[in-house]
Amino acid sequence: MNRHLVAVFVLIVVVPLVIVGWLGARLAREQVERADERLAEVMRSSLRGFDAEIGGLLDERARSLRAAMDGVPRTSEALRDLTRRLPVAGQLFVVDAASGELLYPSLMDRLPASEEDFLRRTREIWTRHRLLPEVAGEGGAELGEAGPREGWYPWFWGDGLRLIFWWRDGGGRIVGAELDRLRLLSDVVASLPDTDPRAPGQDAGRIRLLDAQGAVLYQWGVYEPAAGDWPLVSHPLGHPLAAWSLEYFAAGSGSGGGWRGVLFGLLPGIGGLAVLVIGLAFYFYRESSREMRDAAQRVSFVNQVSHELKTPLTNIRIYAELLEEELGGKGDAARRHLGVIVAESQRLSRMILNILSFSRRERRTLELRRRIGVVDEAVGALLEQFRPSLETHGIVLGFRPGAGRPVSFDADAVQQIVANLLSNVEKYAASGRRVDVATEQAGEEITVTVADRGPGVAEGERERIFEPFYRPSNALSDGVTGTGIGLAIARDLARLHGGDLELAATESKIPRSGACFRLTLNCPSALNPSANLGDSR
Amino acid sequence: MKILIAEDDHHLRHGLAEIMRKEGYDTVLAGDGDEALELFRREQPDFVCLDVMMPGTNGYDVCREIRQARSTVPIIFISAKSEEVDKVLGLELGADDFIIKPFGVREVVARLRAVARRYRATAADPAPESFAMGDLEIFPSELRARRGEQVIDLGPRDLAVLDLLHRRRGSVVSRDTFFDVCWGLDHVPNSRSLDQHISQLRKRIEKDPKSPRIIRTVHGAGYRYDG
């Protein structure tokens, strides 16, 4: 397949498919994004609800701790006993509000292992007074009665987040509890839904509770996100569990999942369109190829026919001309008859030459063959050939030569051009009864004018007459024989010569005429080293 | 001068032969490429006309072999194949010209004279530079005559006729002498051949062919140039 066809194929098949595919994918992507946005909005609300549930759980724990501590003496024994009885409280503590000294558990006492662990874990809190800013609050109040009455203090130790709930007990002390981590997690999980395939939306998504390191603490929902999927919605929990977060994964969204679904949906459509477009392209290509093959066959047939006609036609011409010479001045009737044979064989020769030239023109292989010669000789010889035919049509031929210096030109081409012009004079301007041919030579430019006294050419047809197959349709030309290619070929040959063929206004030097064709040629002089001696395009 | 015509079409071969004989050439005819090569070697023609598409060896191959044998003999291709590549191929093989069918007598004569003119200009024994007959200047090496700005092409036989008349200026040249000198001893032309040739020649060189000043008729005897 040549490059031209590849380019056409790319242009009419690949480009539309790419455009349609791109537009479709873009549209689908926007639809997916809009759907995801709507779903995300719904799920954000849902996650906020879960967050509120967890918050409520913590509030309830706080209340139960305060209630449990209410009225309990602040002695080590009483507090240890309470700790044992409160599963939610991992370890209770008491701090002197004024000094920040940890009163319970106290290093002065003999401590059980659990309290020692507590002290070890919380040493930084007490030695660096980390709790104090919390107690002081934003106003930066001193440890006293100013500042918040209670609060949560989240901190990290070892395997994760730990929570301390504290409150002022009114006795100049700050009482608090480090919540049991596992119990806390268990309670949080218990507050969240279980996986239930029958629950609305659970089959299309999954919610995960993540800790500060991103590890999944708990999840529910049927959908299993693939590795590399990203959540549609992410929501950090409120204080004091802000290090934890809830994430929602929707089936078909994130990591291109929704995309894949859209593309898979688009593919059949694009595939069908591709099949249709390729099928159409193939159909048009086949039809075009068939037309081109038919045209090539017609051209080949025309070439072959013309080729086969040439030898018999040559024989007719030369034997008729030889017979003409044999007769000399005798046998007027026979000479006349021979004259007709000669003229008609010449006309047939010109038609074949025009057809073959046109065929080469269509194949862009029309070329010149320049040789050193005299334009007047070539034109003169052609005029002598035409004279009998012109006389038969009652047309007087005048010739004013003016291009007698040797130049480089294609004599056959020039004769073909002038022959086409004279043939048109016979066909369309015989009523003028005269045609004048003149040549001029100015440097390397040769001008040949052919002027008749016929009806001329209508204004609107002055350029159209040079179009192949165009023949003016009017009362004068209807019924006139001809192929309509003569002027097209003549102009092409003129332009190959570096000149042109135009329908000019009447020259003042030539008697008034109906139509005046001006042929200009670029003909290097015989002395020019670049002249000639080879074909030229 | 002898010309070899290689053309497989019978009528065209003999038609071309008649044209060449009128020009003053002796002719040798071949109907195919192999016969053409054989005749070339045997007859040693001074000029060759070759058709391209012939049975057996085609015209291109004949040309190639002729060039290998003797490189200077003028060769003209006469063919119906007008494609540019064919013309280039023909000329690049060393042919001197390429004539495309269909053509008439005048075209082939003009081409023949043009090639012969170039050949004569480079020949080892070139013809005399020029001679004058009245206001007509004849240039044998160019196969041309000039009268002022007018240029007239001449064939070898035309030259022979004018040369004979010029050398015998003032004397009548008999018909037999014309035949012997200009047609060759082994030619048997009829009487009309000379008259026709003179008639055609007058049309080209006389200012008024009906009142000729260069070639005057001497009825019953022949022709004369008075100077």
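Residues numbered from 1 in each chain as written. Chains lettered and ligands numbered in written order. Predicted model: local features only at pLDDT ≥ 70, side-chain atom pairs only at ≥ 80, totals over all residues. Heavy atoms only, no water.

Caption draft 1: The overall build of chain A, seen in detail. Within chain A, the regular secondary structure consists of 10 helices and 17 strands. Taken across its 537 residues, chain A has 44% of its residues classed as buried. If you take every contact in chain A between residues at least 6 apart in sequence, the share linking residues at least 24 apart comes to 64%. (Helix = DSSP H or I, 4+ residues; strand = E, 2+ residues; numbered from the N terminus. Buried < 20%, exposed > 50% of the residue type's maximum accessible area, 1.4 Å probe, protein only. Contact = heavy atoms within 4.5 Å.)

Caption draft 2: Structural view of the overall build of chain B. Within chain B, the regular secondary structure consists of 8 helices and 12 strands. Taking all 227 residues of chain B together, the buried fraction comes to 52%. Of all intrachain contacts in chain B linking residues separated by at least 6 positions in sequence, the fraction that spans at least 24 positions is 54%.

Caption draft 3: Representation of the packing of aromatic side chains. Tallied over the full model, the rule gives 11 aromatic pairs over all chains. Judged by centre distance (5.0 Å) and plane angle (90°), the rings of Phe50(A) and Trp220(A) are edge-to-face. Of the two residues, Phe50(A) is situated in helix α1 (residues 3-69) and Trp220(A) in strand β7 (residues 216-220); the sequence distance between them amounts to 170 residues. For the residue pair Phe50(A) and Trp220(A), the accessibility class agrees, reading buried in each case. On the numbers, 6.2 Å between centres and 75° between planes, the contact of Phe466(A) with Phe517(A) is edge-to-face. On the criterion of sequence distance, the pair formed by Phe466(A) in the loop between β14 (445-452) and α10 (486-496) and Phe517(A) in strand β16 (residues 516-522) is long-range, its members being 51 residues apart. What links up through ring pairs into an aromatic cluster is the set Phe50(A), Tyr218(A) and Trp220(A). Lying over the aromatic face of Phe249(A), Arg208(A) brings its terminal NZ or CZ to 4.8 Å of the ring centre. One cation-aromatic arrangement involves Arg146(B) over Phe139(B); the distance from NZ or CZ to the ring centre is 5.2 Å. (Phe/Tyr/Trp six-rings, centres within 6.5 Å; stacked < 30°, edge-to-face > 60°. Lys NZ or Arg CZ within 6 Å of the ring centre and 35° of its normal.)

Caption draft 4: Representation of the sheet that holds strand β4 (residues 75-79) of chain B within the structure. Residues and elements named next belong to chain B. Across the sheet, which stays open at both edges, the 5 strands sit in the order β2-β1-β3-β4-β5 with parallel pairing between neighbours. Each edge of the open sheet is held by one strand with a lone partner, namely β2 (26-30) and β5 (97-100). Across the sheet, the mean angle from the axis of one strand to that of its neighbour is 20°, orientation sign disregarded. Sheet topology places strand β1 (residues 2-6) next to β2; 5 bridges connect them, and they run parallel. Considered in β2, the bridge of Ile5 is made with Leu29. Contacts between helix α1 (residues 10-23) and the sheet are confined to β1, β2, β3 (47-51) and β4, with β2 contributing the most and set at about 165° to the helix. Strands in contact with helix α3 (residues 59-69) are β3, β4 and β5; relative to β4, the strand with the most contacts, it is inclined by about 175°. (Pairing = 2+ DSSP bridges. Axes fitted to C-alpha atoms, helices over the stretch in contact; angles between N-to-C directions.)

Caption draft 5: Seen up close, the pattern of salt bridges. Residue and element names in this part refer to chain A. The full count for this structure, using the stated rule, is 47 salt bridges over all chains. The salt bridge involving Arg61 is made with Glu60; its shortest N-O contact spans 2.2 Å. With a relative accessible area of 33%, Glu60 lands in the partly exposed category. The residue Asp187 makes a salt bridge to Arg183 at a minimum N-O spacing of 3.4 Å. A residue pair is termed a helical-turn pair when its members lie 3 or 4 positions apart in one helix, as Asp187 and Arg183 do in helix α5 (residues 181-191) at 4 residues. Note on Arg183: relative accessible area 33%, which makes it partly exposed. Here the salt bridges share partners, and the residues they tie into one network are Glu60, Arg61, Arg183 and Asp187. (Salt bridge = Lys/Arg side-chain N within 4 Å of Asp/Glu carboxyl O.)

Caption draft 6: Structural view of the interface of chain A and chain B. Of the residues lining the interface, 26 residues belong to chain A; the matching set on chain B comes to 32 residues. Here chain A meets chain B over a buried area of about 2,700 Å², counting both sides, of which 46% is carbon and sulfur. Considering only the surface of chain A that becomes buried against chain B, Leu322(A), Glu325(A) and Arg369(A) emerge as the three largest contributors, covering 20% of it. Our count for the chain A to chain B interface comes out at 4 salt bridges. A salt bridge links Arg106(B) to Glu321(A); the shortest N-O distance between them is 3.8 Å. Inspection of the chain A/chain B interface yields 10 residue pairs in polar contact (both at pLDDT 80 or more). (Buried area = accessible area lost by both parts, 1.4 Å probe. Polar contact = N/O pair within 3.5 Å; in protein donor to acceptor, adjacent residues only side chain to side chain.)

Caption draft 7: Fine view of the packing of helix α7 (residues 332-362) of chain A against α10(A). All names here are of chain A. Their axes nearest at 10 Å, the elements α7 and α10 cross at an angle of 60°. Classified by the interaxial angle, the pair formed by α7 and α10 is oblique. Where α7 crosses over α10, the two elements pack in a sense that is left-handed. Only Gly486, Ala488, Ile489 and Asp492 of α10 make contact with α7, whose side of the interface consists of Asn354, Ser357, Phe358 and Arg361. Here the residues of the contact of α7 with α10 are counted per class, giving 3 nonpolar, 3 polar and 2 charged. (Parallel < 35°, antiparallel > 145°, perpendicular 65-115°, else oblique. Left-handed = near helix turned anticlockwise from the far one by under 90°. Nonpolar A, V, L, I, M, F, W, Y, C, P; charged D, E, K, R; others polar.)

Caption draft 8: Summary view of the pairing of strand β3 (residues 150-157) of chain A. All names here are of chain A. Bridging between β3 and strand β4 (residues 160-168) involves 8 bridges; their strand directions are antiparallel. From the neighbouring strand, Gly151 faces β4, where its bridge partner is Trp166. The antiparallel pairing of β3 with β4 creates a hairpin that spans 2 residues between the two strands, and Gly158 there sits at a positive phi of about 55°.

Caption draft 9: Region of interest: the side chain of Arg491(A). Residue placement: Arg491(A) occurs in helix α10. Ignoring sequence-local partners within four residues, the contact set of Arg491(A) consists of Glu463(A), Phe466(A), Asp500(A), Leu501(A) and Glu502(A).

Caption draft 10: Molecular detail of the sheet that holds strand β12 (residues 222-224) of chain B. Residue and element names in this part refer to chain B. Pairing in this open sheet of 3 strands is antiparallel, and the strands run β10-β12-β11 from one edge to the other. The sheet terminates laterally at β10 (172-174) and β11 (216-218), the two strands that pair on one side only. Put simply, the sheet's adjacent strands are angled 35° from each other on average, direction ignored. Summarising the sheet, β11 and β12 pair through 3 bridges and their orientation is antiparallel. What sits directly across from Val218, in β12, is Gly222. On top of the sheet, helix α7 (residues 175-183) reaches β10 and β12; it is set at about 70° to β10, its chief contact.

Caption draft 11: Region of interest: the side chain of Asn424(A). Within the secondary structure, Asn424(A) is located in helix α9 (residues 411-428). Excluding residues within four positions of it along the chain, Asn424(A) makes contact with Ala429(A) and Leu487(A).

Caption draft 12: Just helix α6 (residues 156-167) of chain B, in detail. With 12 residues, α6(B) ought to run about 16 Å at 1.5 Å a step, and its terminal C-alpha atoms sit 16 Å apart, in line with that. Among the 12 residues that make up α6(B), 9 are buried, leaving the element largely enclosed by the rest of the structure. (Expected span 1.5 Å × (residues − 1).)

Caption draft 13: Expanded view of the packing of α1(A) against α5(A). Residues and elements named next belong to chain A. Relative orientation of the contacting elements α1 and α5 amounts to 135°, with a least axis distance of 9 Å. Our classification of the angle between α1 and α5 gives oblique. Handedness of the α1/α5 crossing: right-handed. Each of Glu53, Ile54, Leu57, Leu58 and Arg61 in α1 lies in contact with α5, whose residues at this interface are Leu184, Asp187, Val188 and Ser191. Grouping the constituent residues of the contact of α1 with α5 by class yields 5 nonpolar, 1 polar and 3 charged.

Caption draft 14: Representation of the confidence of the model for chain A in the model. On average, residues of chain A score 81 in pLDDT, and 84% of them reach the 70 mark or higher. The low-confidence segment residues 531-537 of chain A, where pLDDT is below 50, has 24 contacts with residues more than four positions distant or belonging to other chains. (pLDDT = per-residue confidence, 0-100.)

Caption draft 15: Spotlight on the environment of Phe165(A). Residue and element names in this part refer to chain A. The topology assignment puts Phe165 in strand β4. Taking the relative accessible area as the measure of exposure, Phe165 reaches 2% and is therefore buried. On a C-alpha basis, the gap between Phe165 and Leu92 in space is 9.4 Å, while along the polypeptide they are 73 residues apart. With sequence-adjacent residues up to four places away left out, Phe165 is seen in contact with Ala62, Leu65, Arg66, Glu150, Gly151, Trp152, Val175, Gly176 and Ala177.

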